[in-house]
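# Report on the structure
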Amino acid sequence: MTPIDDFLQSEIDLGSFSGAAYAIGTCRTLLAEGALGFAVRVPFRIPATIDTIFDLASLTKPLVTTALALQAVDDGAIRLDDPISRVIVELDATDKKGITIRQLMSHSSGLAAWLPLYAFGSTEDAYIRAIANHPRECEPGTRVIYSDLNFVLLYCMLQRVSGDYVALANQRIVAPLQLRSTMFNPPAHLRPHIAATEWGQRFEGRLSGDKQTTIAGKGRGLMWGEANDGNSFHLGGTAGNAGLFATVRDVLRIAQAWCDGRETLLPNDLIAEATRNQTAGLDENRGLGWQLCAGKGDAMTNMLSTNAFGHTGFTGTSLWIDAPADRICVLLTNRVHPSAAPVAMARIRGMFHALAQQV
């Protein structure tokens, strides 16, 4: 076993997560990969492999929603500094009227971090109404609030200006990059190859303390092959904020398209725009859809170059792209299986990134 394998196995033994798969690469090649533990631990055990398909959770935001939104910019369908109300006209008479697409993508819109949108209905229109009726937390452009609501609105925007979101993802990301195991709503026959996540909607129920939320999540049982995120699940498997499933190799391939210079996914100028600091002077560094390296004080990224960018997912997933060092680090775990207990994932990701530098 490698030092990375030893470390991840030690975390599995501690109960940090049931299983993990990882890949380390450059912008053009694969350097190392591995899988340990169990994709499913209860009600029976299925070992994790390199081919295990994970619920990527919020990695959906940069890997699909951000890419599709920037492709819409490249197509001329939208502009980054357009107000979102130009497309979602229901926001025109609300305090969301002046929020721009750029502010949504950089989490500087001022919207609340999260709402159980499915408690208000399970359609795009119901989600939009719920967001429209909930007051902003602050003035747009004055503070970074990492918010699922930003990407729900971007999803609704894409549905209106570009067509069906899932079909678009398949046509403009999955097919061009020749991804073999990247999808929304995996078919039932793939379940033995998918990492299970949480029992029921217990975490979100506790988060909101809302009886409607408990009702909306009731009866889901073991989430295995369906989106763990409630807002995504109740909108049919995606709401722009979560819902993507993929293997570690496919995540590496998408990451390579963000740094290999070949423009297979986006023009290089839009990649540069997405990965520069859009929130300078605010409380957190954000690009468009991407989190930026926080510097030496951050346990997760203090060993990466200052120009590194990446993202994490609630289910225990993460991707960081350190283009100056020509290093990509993908770590997929099912840390919420069978329950979403507190885990020091920043520390774990930081140690994984440190070990990845030695590969």
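You'll find the structure just up there.
Thresholds applied
- Every residue gets a number counted from 1 within its own chain, in the order that chain's sequence is written.
- Totals for whole chains, interfaces and linings use all residues, but because this is a predicted model, local features are given only for residues with pLDDT of at least 70 and pairs of side-chain atoms are given and counted only at 80 or more.
- With hydrogens and water set aside, each side-chain value is computed from the structure's full complement of heavy atoms.
- The axes used here are C-alpha line fits, helices contributing only the stretch in contact, and every angle between their N-to-C directions lies in the interval 0 to 180 degrees.
- The helix and strand labels rest on DSSP assignments: H or I over at least four residues marks a helix, E over at least two residues marks a strand, and numbering proceeds from the N terminus.
- An angle below 35 degrees is read as roughly parallel, one above 145 as roughly antiparallel, one from 65 to 115 as roughly perpendicular, and any other as oblique.
- Crossings are classed by handedness, with left-handed meaning an anticlockwise turn of the near helix from the far one by less than a right angle and right-handed meaning a clockwise turn.
- Any two residues having at least one pair of non-hydrogen atoms within 4.5 Å are treated as being in contact.
- Here the nonpolar group is Ala, Val, Leu, Ile, Met, Phe, Trp, Tyr, Cys and Pro; Asp, Glu, Lys and Arg are the charged ones; every other residue, Gly included, is treated as polar.
- A pair of strands is treated as paired once DSSP finds two or more bridges between them.
- Nonpolar core, defined: a set of buried Ala, Val, Leu, Ile, Met, Phe, Trp, Tyr and Cys residues in which side-chain atoms within 4.5 Å join the residues together.
- Using a 1.4 Å probe on the protein chains alone, a residue whose accessible area is under 20% of its type maximum counts as buried, one over 50% counts as exposed, and one in between counts as partly exposed.

### Let's talk about the packing of helix α1 (residues 3-14) against helix α12 (residues 345-356)
At their nearest, the axes of α1 and α12 sit 9 Å apart, and the two run at 165° to each other. The orientation of α1 relative to α12 falls into the category roughly antiparallel. The two elements α1 and α12 cross, and the hand of that crossing is right-handed. Touching P3, I4, F7 and E11 of α1 are R347, I348, M351, F352, L355 and A356, all from α12. A class-by-class count of the residues in the contact of α1 with α12 yields eight nonpolar, no polar and two charged.

### Regarding the sheet that holds strand β4 (residues 54-55)
With antiparallel pairing, the three strands of this open sheet are ordered in space as β4-β6-β5. Unpaired on one side and paired on the other, β4 and β5 (183-184) mark the two borders of the sheet. For β5 and strand β6 (residues 244-246), the ladder comprises two bridges, and the chain directions are antiparallel. Across the sheet, the residue bridging to M183 is F245, located in β6.

### Some points on the environment of V330
If you trace the backbone, V330 turns up in strand β10 (residues 327-333). Excluding its chain neighbours within four sequence positions, the residues that come into contact with V330 are A21, Y22, A23, V248, V251, L252, S318, L319 and F352.

### A look at the nonpolar core
Residues W258 and L319 are the most contacted members of the largest nonpolar core, which totals 92 residues. The element contributing the most residues to this core is helix α5 (residues 148-161), with nine residues. Among all residues touching W258, those that are not within four sequence positions of it are P62, T66, A67, L70, L265, L266, I271, A274, W290, F309 and I321. In terms of nonpolar packing, the next biggest core, distinct from the first, is built from 16 residues, I12, A20, C329 and L331 among them.

### Focus: the pairing of strand β8 (residues 309-313)
Side-chain direction in a regular strand flips from residue to residue, so the side chains alternate between the two faces of the sheet. Most of β8 sits out of view: four of its five residues are buried. Looking at chain direction, strand β7 (residues 291-292) and β8 are connected through two bridges and run antiparallel. Along β8, the bridge assignment pairs L292 with F309. Bridge count between β8 and strand β9 (residues 317-322): five bridges; the pairing is antiparallel. Bridge pairing in β9 places G310 opposite W320. What sits between β8 and β9 in their antiparallel hairpin is a turn of three residues, with G316 showing a positive phi close to 110°.

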